[in-house]
Amino acid sequence: MFKENNHFYEKIGNKESICIDNEIPFEIPESWIWCRLGGICNYGQVKSVDSAEINDDEWVLDLKDIEKGTGKLLKITTKKEVNSKSKKSCFFKDDVLYSKLRPYLNKVIIAHKKGFCTSEILPLNFGEYILPQYAKLILMSPYFVDYANQCSYGTKMPRLGTSDGKLAFFPLAPLDEQKRIVEKMTKLYIKLNI
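Computed from a prediction, not measured in an experiment: that's the story for all the values here. Residue indices follow the written sequence of each chain, beginning from 1 at its first position. Local features in a predicted model are, by the rule used here, given only for residues with pLDDT of at least 70; side-chain atom pairs are given and counted only at 80 or more, and totals for whole chains, interfaces and linings are based on all residues. Only hydrogens and water are set aside when side-chain values are computed; all heavy atoms of the structure are taken into account.

What to know about the pattern of salt bridges
Two side chains of opposite charge can pair, provided their charged atoms sit close to one another.
Phase 1: For this analysis, a salt bridge means a side-chain nitrogen from Lys or Arg found within 4 Å of a carboxyl oxygen belonging to Asp or Glu. On inspection of all chains with the given rule, the structure shows six salt bridges.
Phase 2: Across the pair Glu10 and Arg36 runs a salt bridge whose closest N-O atoms are separated by 2.8 Å. Note that Glu10 is positioned in strand S2 (residues 7–10) and Arg36 in strand S4 (residues 33–36), a separation of 26 residues in sequence. Per residue, the accessibility class of Glu10 equals that of Arg36, and both read buried.
Phase 3: The closest approach of N and O atoms between Glu23 and Arg36, which form a salt bridge, is 3.3 Å. Note that Glu23 is positioned in the loop between strand S3 (18–19) and S4 and Arg36 in strand S4, a separation of 13 residues in sequence.
Phase 4: Residue Arg36 is classed as buried on the basis of its relative accessible area of 15%.
Phase 5: Salt bridges here are not isolated pairs; linked through shared partners, they connect Glu10, Glu23 and Arg36. Numbering of helices and strands runs from the N terminus, with a helix taken as a DSSP run of H or I at least four residues long and a strand as a DSSP run of E at least two residues long. Buried, partly exposed and exposed residues are distinguished by accessible area as a fraction of the type maximum, computed with a 1.4 Å probe on protein chains only: under 20%, between the cut-offs, and over 50%, respectively.

This is the structure we're talking about:
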């Protein structure tokens with residue numbers, strides 16, 4: 001995506017650039033850029049692991065272990081404690097763990113170490129130019145939660161599909177500004193005891 005003559009354009013592959021002004025969710029500062037979530041992280045590219053390959057003492061994360069709306073980890077359980085037999089997704093330290101199931105519950109955490117999670121949680125790696133804490137703030141923002149809810153499919157157990165997740169707009173700030181935003185939000189959360 002790029003901005004030219006006060007208009008936003010997107011070029012996909014060899015196709016001609018198209019104007020996407022009517023798709024841009026809101027205005028962002030000049031130094032920021034709009035990206036598609038699938039273009040800045042490994043959205044939907046998950047390494048599945050058989051339960052037999054997970055050691056008994058390794059961390060196995062389930063949705064119930066994440067507090068809704070706060071991004072707090074409630075507890076850490078091992079494979080032995082949960083006795084899970086289903087396939088799991090592998091994640092690593094600093095991956096942003098995003099729950100695609102019932103996105104209105106707003107369950108997002110940052111992994112503090114390697115582990116394994118239910119397939120309803122997507123481990124997202126944003127690389128070295130996007131802070132995991134900043135990505136978490138965006139994914140938990142009312143803007144993104146609204147987007148995920150609008151795109152969700154299924155009535156009883158709605159979830160954000162992979163293609164819609166990849167197409168989500170992501171407001172990307174320069175790295176220094178990401179750091180400032182994360183610091184200010186961290187201080188605010190401490191004051192509000194969140």
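Focus on the packing of aromatic side chains
Phase 1: Each Phe, Tyr or Trp ring (for Trp, its six-membered ring) is paired with any other whose centre lies within 6.5 Å, and the angle between the two planes then decides the class: stacked below 30 degrees, edge-to-face above 60, tilted in between. On inspection of all chains with the given rule, the structure shows eleven aromatic pairs.
Phase 2: Taking 6.0 Å as the distance between ring centres and 75 degrees as the angle between the ring planes, the aromatic pair formed by Tyr134 and Phe170 counts as edge-to-face. Of the two residues, Tyr134 is situated in helix H3 (residues 132–139) and Phe170 in strand S12 (residues 169–172); the sequence distance between them amounts to 36 residues. Residues Tyr134 and Phe170 agree in their burial class; the two are buried.
Phase 3: Counting every residue linked through ring pairs, the aromatic cluster contains Phe26, Trp34, Tyr98, Tyr143, Phe144, Tyr147 and Phe169.

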